[in-house]
Amino acid sequence: MQIPKGAILLRIFIGENDRHNHQPLYEAIVLKAREMHLGGATVLRGPMGYGHSSHLHTAKILRLSDDLPVIVEIVDSEEKINSFLPVLDTMMGDASGLVTIERVQVLQYGKGTIAQPTSFA
């Protein structure tokens, strides 16, 4: 599998308790991305955050939260990310989240030498 040097980063901000078909939404997203042969996905769990509702979610001992912020990041070509977006839309369902896209420059994917970056226009 190869990712082009000029790629897209899809970033999905959701809550740890968000679900899709009785499984954690973040897990369902990563498994679907893998099934669709996207370049790679990573789940990051945040110790603190808030979103649309302004409700603070934190991992502090005195204010235990069972719904910490989760970020799913997926990197691949623009066309593969664009083909994943309608699938993601149906998976998100009632989850209130934030989905962003940004252009990234892939310097290394897999084994090999890190490429020299080119300037962004």
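Everything below is about the structure shown above.
On to the pattern of salt bridges. Taken as a whole and assessed by the stated rule, the structure comprises 6 salt bridges. One salt bridge connects glutamate 102 with arginine 11, and the closest N-O pair in it is separated by 3.1 Å. On the criterion of sequence distance, the pair formed by glutamate 102 in strand E8 (residues 98-105) and arginine 11 in strand E1 (residues 6-15) is long-range, its members being 91 residues apart. One salt bridge in this structure joins glutamate 35 and lysine 32, with 3.0 Å as the shortest N-O distance. Highlighted residues: glutamate 35 and lysine 32, both in helix H1 (residues 25-35), separated by 3 residues, approximately one helical turn. Among the residues examined, glutamate 35 registers a relative accessible area of 52% and is labelled exposed. Look at lysine 32 and you get partly exposed, because its relative accessible area is 25%. Linked by salt bridges that have partners in common, Arg11, Glu73 and Glu102 make up one network.

Attention now goes to the pairing of E1. With respect to burial, E1 is a largely interior element, 8 of its 10 residues being buried. Note that E1 and E8 share 8 bridges and pair antiparallel. Residue pairing across strands places leucine 10 opposite isoleucine 101, the latter belonging to E8. Sheet topology note: the E1/strand E7 (residues 69-76) ladder contains 8 bridges and is antiparallel. Considered in E7, the bridge of leucine 9 is made with valine 75.

Moving on to H1. Of the positions making up H1, those classed as buried are Leu25, Ala28, Ile29 and Ala33. Around the axis of H1, the buried residues are gathered within 130° of arc, so they sit on the same side. Exposed positions of H1 whose direction lies more than 90 degrees from the buried face are Arg34 and Glu35. Those residues of H1 that are buried are in contact with E1, strand E2 (19-20), strand E3 (23-24), E7 and helix H2 (78-92). Directly after H1, the chain includes histidine 37, whose backbone phi takes a positive value near 60°.

Analysis parameters
Residues numbered from 1 in each chain as written. Predicted model: local features only at pLDDT ≥ 70, side-chain atom pairs only at ≥ 80, totals over all residues. Heavy atoms only, no water. Salt bridge = Lys/Arg side-chain N within 4 Å of Asp/Glu carboxyl O. Helix = DSSP H or I, 4+ residues; strand = E, 2+ residues; numbered from the N terminus. Buried < 20%, exposed > 50% of the residue type's maximum accessible area, 1.4 Å probe, protein only. Pairing = 2+ DSSP bridges. Arc of directions from axis to C-beta. Contact = heavy atoms within 4.5 Å.

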